[in-house]
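As a plain string of letters, each chain reads:
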Amino acid sequence: KLARVIGIHRNTLHSYLKQNNVSYKYSLISDADLDHAVREFCQMKPNSGVHYLTGHLRQLGLRVQ
């Protein structure tokens, strides 16, 4: 979708990402570490939803499914 939005072919985008060492894959994190990060967030923001949680995890440098 990003390639379409910026008007380039997806293979070109993939090539640019690879050349610049930009990772777009999910983070390798243990269940225990992810649970800990989620618990900390829920303690700080108990009324926040999954989208805020995902944003918080991304702010920590984590990409999860």
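None of the values given here were measured: they were computed from a predicted structure.

Participant: Which parts of the structure should I look at to understand the overall build of the protein?
Facilitator: Within the protein, the regular secondary structure consists of four helices and zero strands. Beginning at the N terminus, the succession of helices and strands in the protein can be written as α-α-α-α. A globule of 65 residues ought to have a C-alpha radius of gyration of about 11 Å, yet the protein, at 15 Å, is considerably larger. Considered along the principal axes of its C-alpha atoms, the protein spans approximately 40 × 25 × 15 Å. Among the 65 residues that make up the protein, the fraction classed as buried is 14%. Carbon and sulfur atoms form 52% of the exposed surface of the protein, whose accessible area is close to 5900 Å².

Participant: Before we go on, may I ask you to explain the layout of surface pockets in this structure?
Facilitator: The gaps of empty space that remain are located by a probe, the size of a water molecule, rolled over the atoms. Here the largest pocket is characterised by a volume of approximately 180 Å³. Lys1, Leu2, Ala3, Arg4, Arg10, Leu13, His14, Leu17 and Tyr24 together form the lining of the largest pocket. Within the residue set of the lining of the largest pocket, elements represented by two or more residues are helix H1 (2-6) and helix H2 (10-19). When residues of the lining of the largest pocket are assigned to their parent elements, the largest contribution, four residues, is made by H2.

Participant: Please clarify how the side chain of His56 should be interpreted in this entry.
Facilitator: Within the fold, His56 resides in helix H4 (residues 50-59). Looking at His56, the relative accessible area reads 17%, which means it is buried. If sequence neighbours within four positions are ignored, His56 has contacts with Phe41 and Met44.

The rules behind these values
- Residues numbered from 1 in each chain as written.
- Predicted model: local features only at pLDDT ≥ 70, side-chain atom pairs only at ≥ 80, totals over all residues.
- Heavy atoms only, no water.
- Helix = DSSP H or I, 4+ residues; strand = E, 2+ residues; numbered from the N terminus.
- Rg over C-alpha atoms; globule rule 2.2 N^0.38 Å.
- Buried < 20%, exposed > 50% of the residue type's maximum accessible area, 1.4 Å probe, protein only.
- Areas by Shrake-Rupley, 256 points an atom, 1.4 Å probe, with all protein chains shown as cover.
- 1 Å grid on protein atoms, 1.4 Å probe; cavity = no way out; pocket = protein on both sides within 12 Å on 5 of 7 lines; lining within 4 Å.
- Points joined across faces, edges and corners; volume = space filled by probe spheres on them.
- Contact = heavy atoms within 4.5 Å.

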